[in-house]
There are 4 protein chains.
Amino acid sequence: MAFFRILETLYPPLTAPLGELVMNGRAGEWLRNGMLFPMLGYFGPEGTFTHQALLALRPDASARPYSSVAAALLAVRAGAVEAAVVPIENSVEGGVSATLDYLSAPDEPPLSIQAEVLVNVNFDLAVRPGTALSEVNTVITHPHAAAQCRGWLAKHLPEATIVERGSTAAAAKDVSDPTSAFDAAICAPVARELYHLVAAASDINDNTGAVTRFVLVGRPGNIPAPTGADKTTFVAYMRDNHSGALLEILQQLAVRGVNLTRIESRPTKTTLGSYCFSIDAEGHLADARVAGALQGLKRICADVVFLGSYPRADKLSPLIVHGSSDAEYATSKVWLDALR
Amino acid sequence: MAFFRILETLYPPLTAPLGELVMNGRAGEWLRNGMLFPMLGYFGPEGTFTHQALLALRPDASARPYSSVAAALLAVRAGAVEAAVVPIENSVEGGVSATLDYLSAPDEPPLSIQAEVLVNVNFDLAVRPGTALSEVNTVITHPHAAAQCRGWLAKHLPEATIVERGSTAAAAKDVSDPTSAFDAAICAPVARELYHLVAAASDINDNTGAVTRFVLVGRPGNIPAPTGADKTTFVAYMRDNHSGALLEILQQLAVRGVNLTRIESRPTKTTLGSYCFSIDAEGHLADARVAGALQGLKRICADVVFLGSYPRADKLSPLIVHGSSDAEYATSKVWLDALR
Amino acid sequence: MAFFRILETLYPPLTAPLGELVMNGRAGEWLRNGMLFPMLGYFGPEGTFTHQALLALRPDASARPYSSVAAALLAVRAGAVEAAVVPIENSVEGGVSATLDYLSAPDEPPLSIQAEVLVNVNFDLAVRPGTALSEVNTVITHPHAAAQCRGWLAKHLPEATIVERGSTAAAAKDVSDPTSAFDAAICAPVARELYHLVAAASDINDNTGAVTRFVLVGRPGNIPAPTGADKTTFVAYMRDNHSGALLEILQQLAVRGVNLTRIESRPTKTTLGSYCFSIDAEGHLADARVAGALQGLKRICADVVFLGSYPRADKLSPLIVHGSSDAEYATSKVWLDALR
Amino acid sequence: MAFFRILETLYPPLTAPLGELVMNGRAGEWLRNGMLFPMLGYFGPEGTFTHQALLALRPDASARPYSSVAAALLAVRAGAVEAAVVPIENSVEGGVSATLDYLSAPDEPPLSIQAEVLVNVNFDLAVRPGTALSEVNTVITHPHAAAQCRGWLAKHLPEATIVERGSTAAAAKDVSDPTSAFDAAICAPVARELYHLVAAASDINDNTGAVTRFVLVGRPGNIPAPTGADKTTFVAYMRDNHSGALLEILQQLAVRGVNLTRIESRPTKTTLGSYCFSIDAEGHLADARVAGALQGLKRICADVVFLGSYPRADKLSPLIVHGSSDAEYATSKVWLDALR
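Keep in mind that this is a model prediction, so the values were computed, not measured.

## Remarks on the overall build of chain A
The number of helices and strands found in chain A is 13 helices and 14 strands. Across the 340 residues of chain A, 58% fall into the buried class. The contacts in chain A between residues at least 6 apart in sequence include a share of 74% that link residues at least 24 apart.

What follows is the structure, encoded as structure tokens:
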């Protein structure tokens, strides 16, 4: 039955033991030809921009969708997958808050971001092969996607009926059924390909240039080697809510020449008026300036949660201001040691 | 036909002239008894937490859902509604990025936030009157809501089939149809009430305590009077991406004793590596310290977009540090004028 | 009697009424030809570098030495002189601490610095006309001057006896007496000229390049017009001795783009561990950024004592960083006023 | 001849080899009873407040006056004395600038401050035993001392003739000669005792409470052990004269919780507009926060000259702000090492 896609099928339960996974068609693929392939999780369903991000990061990996960011990240912790792809910034389909929340868990070491990728958020009008644009009378998609393509729809399909579905990927799957009640889906290119549809039109979103950032998250302590163009992500928890607390946090970074690329305040869930700051900084934990800043923050903050050092998607090298290079750290250490 | 809810019906077109609105049932209500009632817009559909936020802010207002944050805010600009309620922080149903983007528009004065409200994000399992929990075999809801109630569902309805719908409100509406194929919807309390359902269970989300912040947005320049417990929202655009730029922005606030309650960096869409900072600060534009900080930021930033001063939902008075009260500003001005 | 120079004669008493001054030879000069000339005071005696500074600032003024910085500044307050020249930085003959202390007085408005001048501290070996360097067997000078010329003396006059006197000017006066027991004085060029001596050698100090800064101090509220290359001097008293208090003071200056040229912490005499900061900043009280910084400091400090805005001796124009010009202050004010 | 006190006698030449010193009466004392006593130098002459400071610091030490701060400090470098006492702050008799200049020398390791002492600057009116106050007609002293006692003199000795001498100690020595032309000297208590005079009056300075700070300076690298109440002195040379350079220097201290007790900007002698900052900070080089701050400054500054860690004269323990204790430094290091 076309309209009913049962979550249990699409999103395998996190708690499923590995033995059960082997019985599953998807998991069987994992062991195909007697070879073990790495399995990556992601915030599904299949055919979303998160799925597209995973394919951009690891085109050859086996991939397994989870029904929530939390489930995908718990699967990493449980060892069901090697790592998982989740949105971390500006996602049109949600999930960002959950990502920041679930990277760390009480009484568990935090997970470790291992890579990031930027995906352009461009929608296709996907139809079954043979359907012309002029033949499209009914369109199915997620309400947010419909809103983003409102202008294009008003101009090119002013008479079409627009019906909502729980995800753009589900919409594409629906259209792929030859008996579908719908002529077209608004969806990501990856969903169009997955369900063997063709694009009656591409890039139909009214605002072009929107980009979502996704990260590949692995088990704790799994830090990629520095590349010279890296980012470090962490959360700093204010010790108390005094005026100027954020300034003090930023000064720990500034005095070591560590530049930020993202900062976001978030209320902590424990105390009213208590905040933490989710921060992306240029550089790698292996860089003296980054290590020094983290150590400084650890001293003055209630807590600091390190969430990974990983290559930047844009491959930009950081500007190393005077006095913040590893060489200058080493030289000043020699000078200091001679004094003592 | 239960499954097809046409967007045009649920979300009236923004461009509809006021005359046409009168023809609409909802708009007719607006003129009922020959009386003009203020009409508020909101990011719909009906029955979402945004709708619930509107009812909390203005229980007696007439309300009209829009299919996107952008559409709701454009309706404010166009005069179709007096103001609109949109999510601005931590929304489980998205929209936050859009809110921050569309409060200001090129070549137009920015809209003005007039009030905020915090809504607890708690889900009901809503059923038609007479349905017992033990009779629930099929549940319909939005995938994100299903993910948030995963633990409860596994424990209390392990055998139920979960089906996705584009919004929790749409799910509730579906269940309200006596011929519905579904026994229950996971939805907000407001949707349950709207569709005359009853709660087979309440607060079924696994994590309690989640709160979403919504704002009421009005036309530019419409600033509520200070209450003594106010917030001011603005966006500061960095002049150039030098190291320490954020520190300079925060120092403009700190030296005047202005405390922050939220900060979020956002890439500007014009230049790679260019950022703006979306900030909520304690205090009101009428406070000397806030006015001084905004003026200082205007001088050093590429631009500052003022988005409103409005009463805080939590009614907390700001801590006025020494030297930042209006009286101290006035006294120091007298001193300075005597020198010159 | 050559060795006794009575202080009362050299340094007229501060409390002398103007009528008495007329009776004095020096004061008579002041009324010579029935014309009133402005009278300037200075930290004497005649023939010191302070005297030289006065002649550099106002070559045509009548000048009257005082026996201490305090006496010279009290004479300004009392109206006995129009203004006074005193050392403020790096003086080899002392007085700097007193200058900073006596510019402000309890329950009186602070005096106002009106000009500054830099004087090269170079010593002459001054002899009576006709005395050759080879004939110098005895040298008289102040001990500090002897110490500064130690290397030159060891090389050129290794056999000479060095005798100390209370000031270099007194030494020169002594040598000018044809019956003097001394062959040469180490003194400032102004003392050599004053006492009609000639230089057997010039610039005999071991370290060349030493410069002392002197200021011309007038009555309160007497502020020279801005020239575009000005300095502003003030003292900021910390409100309490918390860690970071100085940082807060400097941030009030930095956020308005006001650059410092001198800072000196000084213990206040009231409380143990309480400090004030004596500061020279670029710019004039008439500059918006300077006025804003002073107002900000007045708010956060226990007190701020404004000591004058005056042309810089080096005529260097300040670097106006982005956002700190008067025009940018005015523009941002217009923007702010439009919001309110 | 009373008036002629030859500098060579009073201030032994720096270059005198140790063998010669043995021949000298003063140096003989050094070897008295065949025992080697440590010899300390000081900025003389005998009987000044600097001498008094030396006696307060090391009552039993042998002491040798030098004619300038530079000479005293060179004697330390040359090994002629173990250490030397020199004024460093607020001295009424000068020398402060020289002290800061000569602690470091080109191409030589800087000397090391080993102790500090605060001396109350109170003057005696010293007379030969048997002279009554009413018999005092002539007073001899240094001009600065006369100026500081002006009010007392006007009240108690309105008819006395005041004559100037090169130092207050020289004045006392003069009066100690029974054939002296003077009845009394204004001098430090130490000079009165040294020359066997008695106080006709004590504490005759108009402003009481003045305090001068002296330091004991030893050879490079000679650092006293931490006491828990220590001070660290250093000079930081700005890398370039950009606006905010001082702020950056202070931030290196502030982010590590290092508090200042003195700061003084000083022009460097090399470039116009180039500054260094002479700083006293709470804590000891052995404290992690001080070492970290010095290392940070070394990185960002053109140079940092460490001038010593030594016990505070006031024995005040520093306030250790949260995150700046050695224990917190160690804990954060463990945390950081576990991440890497």
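Having seen the model, we can carry on.
## Details of the relation of the copies chain B and chain C
Note on the chain copies: they are related by a rotation about an axis and a translation along it. Superposing chain B onto chain C takes a rotation of 180° plus a shift of 0.0 Å along the axis, which leaves an RMSD of 0.1 Å. Here the copies are linked by what is in effect a two-fold axis. For chain B, the minimum C-alpha distance to the rotation axis belongs to Gln251 of chain B and amounts to 3.5 Å. Taken as a fraction of all interface residues of chain B, those also at the interface in chain C reach 100%, which identifies the copy contact as same-surface.

## Focus: the side chain of Arg262 of chain A
In this structure, Arg262 of chain A sits in strand E12 (residues 260–267). Residue classification places Arg262 of chain A among the buried residues on the basis of a relative accessible area of 2%. Within the structure, Arg262 of chain A has its side chain in polar contact with the side chain of Glu264 of chain A (distance 3.3 Å). Residues within four places of Arg262 of chain A in sequence aside, it is in contact with Glu89, Leu100, Arg213, Thr233, Ser278, Ile279 and Asp280 of chain A together with Ser265 of chain B.

## Considerations on the confidence of the model for chain A
Residue and element names in this part refer to chain A. Of the residues in chain A, 85% have a pLDDT of 70 or more, and the chain-wide mean is 83. Scored below 50 in pLDDT, residues 1–32 shows 61 contacts in the model against residues more than four places distant or in partner chains. Interface confidence in the predicted complex, given as ipTM, is 0.82; pTM for the same model is 0.85.

## What about the pattern of salt bridges?
All names here are of chain A. Counting across every chain of the model gives 53 salt bridges over all chains. For Glu116, the salt bridge is made with Lys231, and the minimal N-O distance between the two is 3.0 Å. On the criterion of sequence distance, the pair formed by Glu116 in strand E4 (residues 112–120) and Lys231 in strand E11 (residues 230–237) is long-range, its members being 115 residues apart. The burial state of Glu116 is the same as that of Lys231; both residues are buried.

## What to know about the packing of helix H11 (residues 245–254) of chain C against helix H12 (residues 288–300) of chain C
All names here are of chain C. At a minimum axis distance of 8 Å, the contact between H11 and H12 shows a crossing angle of 155°. Judged by the angle between their axes, H11 and H12 are roughly antiparallel. You can see that H11 and H12 cross each other, and the crossing is right-handed. For the pair H11 and H12, the contacting residues are Glu248, Ile249, Gln252 and Leu253 in the first and Ala293, Gly296, Leu297, Arg299 and Ile300 in the second. Split by residue class, the contact of H11 with H12 holds 5 nonpolar, 2 polar and 2 charged.

## Focus on helix H11 (residues 245–254) of chain D
Within H11 of chain D, 8 of the 10 residues are buried, which leaves it mostly tucked inside the rest of the structure. Turning to H11 of chain D, its buried residues are Ala245, Leu246, Leu247, Ile249, Leu250, Gln251, Gln252 and Leu253 of chain D.

## Concerning the packing of aromatic side chains
Residue and element names in this part refer to chain C. One pass over the full model with this rule turns up 4 aromatic pairs over all chains. An angle of 75° between the planes, with centres 5.5 Å apart, marks the rings of Phe49 and Phe123 as edge-to-face. A residue pair is termed long-range when its members are at least 10 positions apart, and Phe49 in helix H4 (residues 49–57) and Phe123 in the loop between strand E4 (112–120) and strand E5 (124–127) qualify at 74 residues. We note that Phe49, like Phe123, is buried.

## Focus: the sheet that holds strand E7 (residues 161–164) of chain D
All names here are of chain D. Spatially, E7-E6-E8-E5-E9 is the arrangement adopted by the 5 strands of the open sheet, whose pairing is mixed. Each edge of the sheet is formed by a strand with only one pairing partner; in this case those strands are E7 and strand E9 (198–201). This sheet shows a mean twist of 35° between the axes of neighbouring strands, independent of strand direction. As judged from the 3 bridges shared by strand E5 (residues 124–127) and E9, these two strands associate in the antiparallel manner. If you follow Val127 over to E9, its bridge partner there is Val198. Helix H9 (residues 168–176) contacts E5, strand E6 (138–141) and strand E8 (184–187) of the sheet and is inclined by roughly 155° relative to E8.

## Things to note about the sheet that holds strand E9 (residues 198–201) of chain A
Residue and element names in this part refer to chain A. Read from one edge to the other, the open sheet built from 5 strands follows the order E7-E6-E8-E5-E9, with strand pairing classed as mixed. Each of the sheet's edge strands pairs with one partner strand only, and the pair in question is strand E7 (161–164) and E9. Across this sheet, the average inter-strand angle for adjacent strands is 35°, counted without regard to direction.

## Quick notes on the interface of chain B and chain C
At the junction of the two partners, chain B supplies 28 residues and chain C supplies 28 residues. Interface of chain B and chain C: buried area, both sides summed, is about 2,700 Å²; carbon and sulfur atoms make up 61% of it. For the chain B face of the interface with chain C, the top three residues by lost area are Val255, Arg299 and Trp335 of chain B, together amounting to 26%. Across the contact surface, chain B and chain C share 0 salt bridges. At the boundary of chain B with chain C, the tally comes to 14 residue pairs in polar contact (both at pLDDT 80 or more). Going through the elements one at a time, helix H11 (245–254), helix H12 (288–300), strand E14 (303–311) and helix H13 (326–339) of chain B are the ones with two or more residues in the side of chain B that touches chain C. Considering every element that reaches the side of chain B that touches chain C, the biggest residue donor is H13 of chain B, with 7 residues.

## Re the domain arrangement of chain A
Under the domain assignment used here, chain A contains domain 1 (2–119), domain 2 (124–201) and domain 3 (222–331). The straight-line distance from the C-alpha centre of domain 2 of chain A to that of domain 3 of chain A is 43 Å.

## Digging into helix H4 (residues 49–57) of chain B
Regarding H4 of chain B, the residues found buried are Phe49, Thr50, His51, Ala53 and Leu54 of chain B. Those residues of H4 of chain B that are buried lie in contact with strand E1 (39–43), strand E2 (62–66), strand E3 (83–89), strand E4 (112–120), helix H10 (189–194) and strand E10 (211–218) of chain B.

## Notes on the packing of H11 of chain C against H11 of chain D
Geometry of a packed helix pair, given as the angle between the helix axes and the separation of the axes. One can describe the packing of H11 of chain C onto H11 of chain D by two numbers: an axis separation of 10 Å at closest approach and a directional angle of 150°. On the basis of the axis angle, H11 of chain C is roughly antiparallel to H11 of chain D. Two packed elements cross with a definite hand, and for H11 of chain C against H11 of chain D that hand is left-handed. Of H11 of chain D, the residues touching H11 of chain C (which contributes Leu246, Leu247, Leu250, Gln251 and Ala254 of chain C) are Leu246, Leu247, Leu250, Gln251 and Ala254 of chain D. Tallied by class, residues from the contact of H11 of chain C with H11 of chain D come to 8 nonpolar, 2 polar and no charged.

## Some points on the state of the cysteines
All names here are of chain C. Taken as a whole and assessed by the stated rule, the structure comprises 0 disulfides over all chains. Cys149 takes part in no disulfide bond, and the closest cysteine sulfur, belonging to Cys187, lies 10 Å away. Of the residues examined, Cys149 reaches a relative accessible area of 0% and is grouped as buried. Residue Cys187 is classed as buried on the basis of its relative accessible area of 0%.

The rules behind the values
Residues numbered from 1 in each chain as written. Chains lettered and ligands numbered in written order. Predicted model: local features only at pLDDT ≥ 70, side-chain atom pairs only at ≥ 80, totals over all residues. Heavy atoms only, no water. Helix = DSSP H or I, 4+ residues; strand = E, 2+ residues; numbered from the N terminus. Buried < 20%, exposed > 50% of the residue type's maximum accessible area, 1.4 Å probe, protein only. Contact = heavy atoms within 4.5 Å. Least-squares fit on C-alpha atoms with pLDDT ≥ 70 in both. Polar contact = N/O pair within 3.5 Å; in protein donor to acceptor, adjacent residues only side chain to side chain. pLDDT = per-residue confidence, 0-100. Salt bridge = Lys/Arg side-chain N within 4 Å of Asp/Glu carboxyl O. Axes fitted to C-alpha atoms, helices over the stretch in contact; angles between N-to-C directions. Parallel < 35°, antiparallel > 145°, perpendicular 65-115°, else oblique. Left-handed = near helix turned anticlockwise from the far one by under 90°. Nonpolar A, V, L, I, M, F, W, Y, C, P; charged D, E, K, R; others polar. Phe/Tyr/Trp six-rings, centres within 6.5 Å; stacked < 30°, edge-to-face > 60°. Pairing = 2+ DSSP bridges. Buried area = accessible area lost by both parts, 1.4 Å probe. Domains from an automatic or database assignment. Disulfide = S-S within 2.5 Å.

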